[in-house]
Amino acid sequence: MAGGKTIYVAGAGIAGLTLTLALAKFGANVVVLERAPSIQEAGAGLQLSPNARKVLNRLGLDKAIAGQSFAPEGIDVYAFRSHAPQATLALGEAASRRFGAPYAVMHRADLADALYRACRRFANVDMLFGVRGFDAEPHARGVSITVEEADGRSRSGRAFALVGADGVNSHTRTGLIGEAAARYSGHVAWRATLPIDALTGVVANDRTSLMMGPGYHAVIYPLPHRRLVNVVLLAREKRQPMQDDAPKGPKLPWAMLKSQRFEAVMQAAGDSWGFWPLLTVSAKRWHAGGIGLIGDAAHAMLPFQAQGAAMAIEDAAVLAPLLMTEPDADGAFSRFAAARRGRVRRVAQVSSSNGRIFHMQWPFTMGRDTVIRLGGSTAQLRRLAWIYGYDAAPEIEGRGG
Ligand SMILES: Cc1cc2nc3c(=O)[nH]c(=O)nc-3n(C[C@H](O)[C@H](O)[C@H](O)COP(=O)(O)OP(=O)(O)OC[C@H]3O[C@@H](n4cnc5c(N)ncnc54)[C@H](O)[C@@H]3O)c2cc1C
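The present account deals with the structure reproduced in this document. In every chain, residue numbers begin from 1 and rise along the written sequence. Under the rules for a predicted model, residues below a pLDDT of 70 receive no local features and side-chain atom pairs below 80 are neither given nor counted, while totals for whole chains, interfaces and linings still include all residues. For side-chain calculations, the full set of non-hydrogen atoms in the structure is used, while hydrogens and water are omitted.

### Examining the side chain of Arg368
Here is step 1: Helix numbering and strand numbering both begin at the N terminus, where a helix is a DSSP run of H or I of at least 4 residues and a strand a DSSP run of E of at least 2. Along the polypeptide, Arg368 turns up in helix 11 (residues 364-375).
Here is step 2: What makes Arg368 buried here is its relative accessible area of 7%.
Here is step 3: A 3.5 Å cut-off defines polar contacts: any pair of N or O atoms within that distance qualifies, except that in protein one atom must be a possible hydrogen donor and the other a possible acceptor, and neighbouring residues in sequence count only when both atoms are side-chain atoms. At a separation of 3.3 Å, a polar atom in the side chain of Arg368 contacts the main-chain carbonyl oxygen of Phe358.
Here is step 4: There is a polar contact of 2.8 Å between the side chain of Arg368 and the side chain of Asp369.
Here is step 5: Other than its neighbours up to four places away in sequence, Arg368 contacts Ala79, Met212, Ile357, Phe358, His359 and Met360. For every residue, the accessible area obtained with a 1.4 Å probe (protein chains only) is divided by the maximum for its type, and the residue is called buried under 20%, exposed over 50%, and partly exposed between those limits. Note on contacts: a residue pair is in contact if any heavy atoms of the two residues lie within 4.5 Å.

So this is what it looks like as structure tokens:
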């Protein structure tokens, strides 16, 4: 690799790959440590909001994403047991025009692939897969890192910084920075990807559908490039079920089974559900010296506003130029935390409060449903303009270009 700053990135998920691409464009030498043997190929759908898309476009991925994603016209919101949507909230052209980038949905493996291919074009990126473990020691001149590679060999190096983008159960956070383990949120997500026509007649196949119920909600959207429809059912569950004692599919209370639409979704999904206990992270420190955190490793949130990956992408856009321009990594991570903490906290709060709103019980639902009906189709674009209209991307040009 050529001369210049060397930065290690732990984790080749959405946060890690976006950061790697941004750093590579600035000319850093990036070493990526990924535990999995290859880039994520499985998985489900992802809603990619304009704030995230603007960053990815600036990194040169607009065409690759446009070719693999779909921009739903709107969100049909169904109150519990209602036959028709209470409202259709505008997305499509209205979102694109207002925020300068589309609100799209895509398969997360396609996004990972687009990012990975873009990173691979840089000779200054070294990706290590199947990494068994890593350790790091910050000191005055940077960070010393030891990596146990896939074949068991050990490799050591000195770097300007190590960035932990290693997800909700981050080793960087718990093992190297000494912050707490992730906490179970009291919610689980059930996900299924079904053939594209599996829900024809149940929900519209050119829009996203949000179905609300007491203690549950479901989000459904098409992934036309994969000929799939993505279903996520999010439910309250007091005790954290473990993967080996997890039920085969969501067990809806009797009240839910009186909703024909929920029942139709359950039937269509059969036993194809996958199961995720939802964990959250609120780390007090996002860095220790030259070791820092981004994405879920720093601030995993409930997915009820579909913003976790978007925050990870924004993080990468903000951190990359700071790492390139600050004289020491501790300073870069401090400025990063100052720039990001408030926004991430506020988005996490909106996500949690969505859970309370979506899962309301009667009679509170009457007030909620009236507000949704009266709000009109663009109320949520106005309410969420501070999320979708945010532009982390100029920081890439402004500070590092
Ligand atoms: C049900 C559900 C639906 C969601 N929907 C959306 C949505 O629509 N839109 C949205 O923006 N967000 C959504 N999210 C949130 C989003 O998935 C996450 O916020 C996002 O994936 C975080 O990216 P990350 O790169 O920080 O972590 P991850 O994607 O978890 O990536 C971490 C990477 O680090 C690797 N790794 C872990 N440990 C180690 C180790 N010790 N050494 C080396 N590598 C390691 C992992 O293998 C992985 O590749 C959803 C989440 C859930 C649960």
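### Here's the deal with the nonpolar core
Here is step 1: Leu19, Leu23, Leu48, Leu111, Leu162 and Leu323 are the most contacted members of the largest nonpolar core, which has 107 residues in total.
Here is step 2: Looking at this core, the element that brings in the most residues is helix 9 (residues 308-325), giving 12 residues.
Here is step 3: Excluding anything up to four places from it in sequence, Leu162 contacts Tyr8, Ala10, Phe134, Ala136, Val143, Ile145, Thr172, Leu176, Gly290, Ile291, Gly292 and Phe333.
Here is step 4: Here, nonpolar core means buried Ala, Val, Leu, Ile, Met, Phe, Trp, Tyr and Cys residues that are tied together by side-chain atoms lying within 4.5 Å of each other. Within the second largest apolar cluster, 22 residues are counted, among which are Tyr78, Val202, Val203 and Trp273.

### Things to note about helix 11
Here is step 1: Multiplying one less than the number of residues by 1.5 Å gives the expected span of a helix. The end-to-end C-alpha distance of helix 11, which contains 12 residues, comes to 17 Å, matching closely the 16 Å that a straight helix rising 1.5 Å per residue would cover.
Here is step 2: Among all positions in helix 11, only Thr365, Arg368, Asp369 and Ile372 are buried. Along the axis of helix 11, the buried residues cluster in a sector spanning 95°; they form a single face. Along helix 11, exposed side chains directed more than 90 degrees from the buried face belong to Val371 and Leu374.
Here is step 3: Each element contacted by the buried residues of helix 11 is listed here: strand 4 (74-78), strand 5 (87-90), strand 13 (208-213) and helix 10 (329-358).
Here is step 4: One or two positions beyond helix 11, positive phi appears at Gly376, with a value near 80°. Relevant arc is that of directions from the helix axis to the C-beta atoms, nothing else.

### Some thoughts on the side chain of His287
Here is step 1: When you line up the elements, His287 lands in strand 17 (residues 287-288).
Here is step 2: On the basis of relative accessible area, His287 is assigned to the buried category, the value being 17%.
Here is step 3: Engagement of the side chain of His287 in a polar contact is seen with the side chain of Asp330, the distance being 3.1 Å.
Here is step 4: Residue contacts for His287: discarding those within four places in its chain leaves Ile177, Gly292, Asp330, Phe333 and Ser334.

### Some words on the packing of aromatic side chains
Here is step 1: Between 30 and 60 degrees the pair is tilted, below 30 it is stacked and above 60 it is edge-to-face, where a pair is any two Phe, Tyr or Trp rings, Trp via its six-membered ring, whose centres lie within 6.5 Å. Applying the stated criterion across every chain yields a total of 5 aromatic pairs.
Here is step 2: Between Tyr103 and Tyr388, the aromatic rings sit 5.5 Å apart at their centres with planes inclined by 80°, giving edge-to-face as the arrangement. Of this pair, Tyr103 sits in the loop between helix 4 (92-99) and strand 6 (104-107) while Tyr388 is found in helix 13 (residues 385-388), placing the two residues 285 residues apart along the sequence. With respect to burial, Tyr103 and Tyr388 carry one shared label: buried.

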